[in-house]
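Tertiary structure, described
Read off the chains here:
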Amino acid sequence: MACYLTTGKHFGFYWSFVTVLVLLAVTAPTALLFGFGGASAARSQFPPLRWFGTIYISIVRGVPDIAFFLFFVIALDQGFEFLRHQYLCPDWTDRIWQGNDFVVCSAAKLPLGSAPQWVHEVYGFFLAVLTFAIVFGAFAANVLHGAMQAVPRGQIETAEAYGMTRRQAFWHVLVPQMWIYALPGLSNLWMLLIKATPLLFLLGVEDIVYWARELGGTKQARFSDYPHGDWRLWYFLALLVFYLAFTRLSEVVLSRLTRRLSHGQATIGATA
Amino acid sequence: MSCWQTVQDYGLRAIGIGERLLPREGFDLCQQFTLIGSGLIWNVYFGLLALLVGFFIANAVALCKASSNPWIRKPAEWFILVFRGSPLFIQFFLAYFIFLRIKQAGYMPWLTSAQAGALIVLVLNTAAYSGEIFFGALRTVPRGEVEAADAYGFTGWKRFVSIVWPTTMRLAWPAYTNEAIFLFHATTLVFFSGFPTWRQQGDALYYANYFADKTFNPFIPYPIVAFYFILLTLALIGSFGLVNQRLNRHLPQERRTRLKFRPNIIR
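Here the structure is a predicted model, which means the values were calculated and not measured. (Residues numbered from 1 in each chain as written. Chains lettered and ligands numbered in written order. Predicted model: local features only at pLDDT ≥ 70, side-chain atom pairs only at ≥ 80, totals over all residues.)

A closer look at the overall build of chain A
When its secondary structure is counted, chain A shows 10 helices and 2 strands. For chain A, the succession of helices and strands along the chain, N to C, is α-α-α-α-β-β-α-α-α-α-α-α. Within chain A, buried positions represent 30% of all 272 residues. At a minimum sequence separation of 6, the contacts of chain A that also span at least 24 residues come to 66%. (Helix = DSSP H or I, 4+ residues; strand = E, 2+ residues; numbered from the N terminus. Buried ≥ 20, exposed ≤ 12 C-beta atoms within 10 Å, placed from the backbone. Contact = placed C-beta atoms within 7 Å.)

Here's the deal with the overall build of chain B
Regarding its fold elements, chain B presents 9 helices and 0 strands. Its helices and strands taken in sequence order, chain B reads α-α-α-α-α-α-α-α-α from the N to the C terminus. In terms of principal-axis extent, the alpha carbons of chain B reach across some 75 × 55 × 25 Å. Long-range contacts, defined as pairs at least 24 residues apart, comprise 72% of the intrachain contacts of chain B with a sequence gap of at least 6.

Considering the interface of chain B and chain A
Across the boundary between the two partners, chain B contributes 36 residues, which contact 33 residues of chain A. Among the elements of the structure, α3 (70-85), α4 (88-104), α8 (204-215) and α9 (221-247) of chain B are those that each provide at least two residues to the side of chain B that touches chain A. Looking at the side of chain B that touches chain A, the element that brings in the most residues is α4 of chain B, giving 7 residues. For the side of chain B that touches chain A, the class distribution of residues is 24 nonpolar, 9 polar and 3 charged. (Nonpolar A, V, L, I, M, F, W, Y, C, P; charged D, E, K, R; others polar.)

Description of the packing of helix α2 (residues 29-65) of chain B against α3 of chain B
All names here are of chain B. Here α2 crosses α3 at 125°, and the two axes come no closer than 7 Å. With respect to their mutual orientation, α2 and α3 come out oblique. Note that α2 runs across α3; the crossing there is left-handed. Seen from α2, the contacting residues are V61, C64 and K65; seen from α3, they are I72, R73, P75, A76, E77, F79 and I80. Taken together, the residues of the contact of α2 with α3 break down into 7 nonpolar, no polar and 3 charged. (Axes fitted to C-alpha atoms, helices over the stretch in contact; angles between N-to-C directions. Parallel < 35°, antiparallel > 145°, perpendicular 65-115°, else oblique. Left-handed = near helix turned anticlockwise from the far one by under 90°.)

Describing the nonpolar core
In terms of nonpolar packing, the biggest core is built from 126 residues, with A140 of chain A together with F92, A208 and V225 of chain B touching the most fellow members. With 15 residues, the single largest contributor to this core is helix α5 (residues 117-150) of chain A. Those residues within four positions of F92 of chain B in sequence are excluded, and the remaining contacts are A118, V121, L189, V190, S193, G194 and F195 of chain B. (Core = buried A, V, L, I, M, F, W, Y, C linked by C-beta atoms within 7 Å.)

Examining helix α7 (residues 166-196) of chain A
Residues and elements named next belong to chain A. For α7, with 31 residues, the first-to-last C-alpha span of 37 Å runs short of the 45 Å given by 1.5 Å per residue. A bend of about 55° at A182 is the largest found in α7, and the proline P184 appears one to four places after it. Where α7 is concerned, the buried positions are M178, I180, Y181, A182, L186, L189, W190, M191, L193, I194, K195 and A196. (Expected span 1.5 Å × (residues − 1). Bend = angle between axes of the 7 residues up to and from the residue.)

Section: the confidence of the model for chain B
Interpretation of this model should avoid reading the predicted coordinates in detail wherever pLDDT is low. Summary statistics for chain B give a mean pLDDT of 84 and a share of 94% for residues scoring 70 or more. Here the complex is predicted with pTM 0.81, and the ipTM for its interfaces comes to 0.76. (pLDDT = per-residue confidence, 0-100.)

Remarks on the environment of F71 of chain A
One can find F71 of chain A in helix α4 (residues 65-88). Judged by the 23 C-beta atoms lying within 10 Å of it, F71 of chain A falls in the buried class. Sequence separation between F71 of chain A and L203 of chain A is 132 residues; the distance between their C-alpha atoms is 9.9 Å. Excluding residues within four positions of it along the chain, F71 of chain A makes contact with P218 and Y222 of chain B.

As for the environment of V143 of chain A
Residues and elements named next belong to chain A. Following the sequence through the fold, V143 ends up in helix α5. Separated by 104 residues in the primary sequence, V143 and A39 have C-alpha atoms spaced 8.4 Å apart. Ignoring anything within four residues of it in the chain, the contact list for V143 reads G35, A182, G185, L186 and L189.

Things to note about the confidence of the model for chain A
All names here are of chain A. Residues at a pLDDT of 70 or more form 78% of chain A, whose mean pLDDT is 77. Averaged pLDDT values over the elements of chain A bottom out at 58 in helix α9 (residues 218-221) and peak at 86 in helix α6 (residues 153-161). Counting contacts from residues 268-272, a segment whose pLDDT is below 50, to residues more than four positions away or on other chains yields 6 contacts.

Re the environment of H145 of chain A
Residue and element names in this part refer to chain A. The topology assignment puts H145 in helix α5. Linking H145 and I57, residues 88 residues apart in sequence, is a C-alpha distance of 8.9 Å. Setting aside residues up to four positions removed in sequence, H145 forms contacts with A39, A42 and I57.

Laid out in structure tokens, this is it:
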């Protein structure tokens, strides 16, 4: 059994857990940044920016997130290749969309056809992170926008009475205070992000779902040193337990954090 | 081929009526709209049935969780923990392989089909999420209402049915609306998890993915899916709003809570 669990393939499986954790670690701050940008844009005084922010916030809510995942991966990939194509091959005359094909010159391919395997994997992972960040950024923008609205109006008015400019009031009064209002929504979002990580599988990254299917299935196992039947059930049970433990742990940590942050704040959260 | 012809061929393709082969060329707007729209049949099927069955289970789960008897309370708590704490995607996979085992043992072979198996997962999943919502609402029923019921001599089942339960629903309804919306969104996952598609009869996203794969152009099929789902979401908000109105009909006009779409509880 110990030998079985330490084959090279299994290290791929363990490594994919690291992939998922790295994805979470990278995506969460990026999405928060996107969200902050979106929420600030929705408050902007410059109308096009405000419209952009509002649309960004509202469109993701009505549409299944998985549709966005599938959409952005191709769209971003084509977008990057299109930009590189314009830059690298200016004298290309053929059309890029030829009927049902998307053709760019070979120098603009991303990653390059000659690139080693790991570049392809890193690029796929990068696209996945960007996709996650865009989708969850919209959710975060929604939460942060609500949090900004929740900061008592009197606080801003006081800041203005002290002669602060709009920008100063935003950075020195609004932003420090909004986090406590945003925290319940953000912790909810973190849970959601954890639970969305298996969707990496759909984005073509070799994640834990991919390995669980591969390792558990009989096809490979029959020709390896350790033949076994269909064990996918047990692999997925292990994944379920992993996720349960992970969400449970986050729940405990986040509730501690909420209690600490709401200390001394005049919200209901301080008593609850 | 005219657009009307396409609608006749592919309008009910998702449930196996009409043309057998999916379109191989053309891929014009009409084809995409028709086929993706016909896939929506399955989204509505999964969503409505899961919502309907899940509603009753959720009520039972909430009551069990509120019970003082640990033999009843603990299973309900674990049920909610397991289904809310793990990704739906993993639940689909796990359930599929469990159903596969059952099929291999010679019982209930229909369980491995998406239409039955995935529906069971969705029912249990939504039961857990809404059960938690109902449980939260059950605990916030005003004490005064219960005391008033006691004073009028209501006891046991009668008190629950005519006093506690309507208030619970009233309190839970806005959150439950969100849950329903996200349940419908979650139905798009079905054909991307372990469950196989039978004769290419998939849901809206399945067909959108088909078109995106064929044309390498994601900018048409996915916005069509988005369009359909926004319509579906609006319809849901509308019908849940009607129920909300009925639930709050005894309140004066200005104190009624309007339903607002706040996606706080998401899978």
